[in-house]
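Listed below, chain by chain, are the residues.
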Amino acid sequence: MNQIQLERVEFEPGKSFKLFSPRLRNTFLWHYHPEVELVYVEADAGIRHVGTHVSSYTQSDLVFIGPNLPHLNFDYRLRSDYHQIVVQLRTNFMGDAIKYAPELQLVNKLFKNAAYGIAFHGDTRALVAQKLKAIGNLSNFDQLLELVNIFRILADSKEYTLLNNDESSTDFILKDKIRMGAIYEYIDAHYAKKPDVNVVAGKVNLTTSAFCRYFKRQTHITFTDFVNQYRIERAKNLLMQDKNITETCYAVGFESLSYFNKLFNKLVGQNPSAFKKRWVAGSAPAKS
């Protein structure tokens, strides 16, 4: 079993940031790095896994991630075509100005909140996406200025969600990246089968009872609840990829269609049929 990877970010000489478009859809890359990272991805449906937070995104996602916060690559298991833009920056790329310049007070708060992972939506996501798509055509200096402008937009925005809102949980996962990485990788490999809490406990050298206490302290839910949540997020992706409800139910590891419907409704707020209809209606091209 692979452990969490420390991504070593290399910058071009004379640059304080890295701009690129990775394509790793077939790789489970649970990783971290000391650099801050802004990720924009366009895809039909994908998994957002940052720290202890697991959810799905549809059509596009914009996430700002702080230093050393473990996360999964946002293009993991994407089946249709997609476009991704990643910006990685040195944590001190603005120097002391971000701490002391009153004009950057909100930007400084933004960077502090990035320790929890921040997902942006609405007009903010659309505007920043437009700027990120155009930034590659600028000179290095103008790219830097545009990045500062992007961070100002994000700092002023109210259209965001903190992905890990419990500081103690965030601090804890930073201290134990390798163990949690092994657990997440086991869940990802076995969620469609029958994940065995005894097996995964053994893989991280804990007794089953100690593992259950440890996992709940990390995620605030039980191992079984986390697996079911992960299954439902995968189910949402399959439904958005035109799978029918019955095959989706069994594909993500549920043996009872009625239980799948009940749990889906509990976690998503609507049954799979209503979710699929809403997605199809929302993604259909407008009639001329």
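As the structure is a prediction and not an experimental result, all values here were calculated from the model.

> Can you lay out the pattern of salt bridges for me, pointing to particular residues and giving the numbers?
Under the defined criterion, the tally for this structure stands at seven salt bridges. Taking the shortest distance from any N to any O, the salt bridge between Glu-146 and Lys-131 comes out at 3.5 Å. Of this pair, Glu-146 sits in helix H4 (residues 140–156) while Lys-131 sits in helix H3 (residues 122–135); the two residues are 15 residues apart in sequence, bridging distant segments of the chain. Comparing Glu-146 with Lys-131, the two get one shared label, buried. Across the pair Lys-236 and Glu-233 runs a salt bridge whose closest N-O atoms are separated by 3.4 Å. In this pair, Lys-236 and Glu-233 are both assigned in helix H9 (residues 223–240), three residues apart and thus about one turn of the helix distant. Just as Lys-236 is buried, Glu-233 falls in that class too.

> Describe unusual backbone geometry, listing the residues and the values that go with them.
Excluding glycine, a negative phi dihedral is what most residues carry, and trans is how most peptide bonds are arranged. With phi around 65°, Asn-68 is a residue other than glycine that occupies positive phi space. Summarising the element assignment, Asn-68 is placed in the loop between strand E5 (53–65) and strand E6 (71–72). By relative accessible area, Asn-68 is classed as partly exposed at 27%. Despite not being glycine, Asn-205 shows a phi value in the positive range, around 60°. For Asn-205, the position within the fold is in the loop between helix H7 (197–203) and helix H8 (208–219). With a relative accessible area of 69%, Asn-205 lands in the exposed category.

> Which residues make up the environment of Pro-67, and what are the values?
With respect to the helices and strands, the residue Pro-67 is situated in the loop between E5 and E6. When the C-alpha positions of Pro-67 and Lys-277 are compared, they lie 39 Å apart, and in sequence the two are 210 residues distant. With sequence-adjacent residues up to four places away left out, Pro-67 is seen in contact with His-33, Pro-34, Glu-35, Val-36 and Thr-91.

Conventions and cut-offs
- Residues numbered from 1 in each chain as written.
- Predicted model: local features only at pLDDT ≥ 70, side-chain atom pairs only at ≥ 80, totals over all residues.
- Heavy atoms only, no water.
- Salt bridge = Lys/Arg side-chain N within 4 Å of Asp/Glu carboxyl O.
- Helix = DSSP H or I, 4+ residues; strand = E, 2+ residues; numbered from the N terminus.
- Buried < 20%, exposed > 50% of the residue type's maximum accessible area, 1.4 Å probe, protein only.
- Contact = heavy atoms within 4.5 Å.

Any functional reading would require information beyond the geometric quantities listed.
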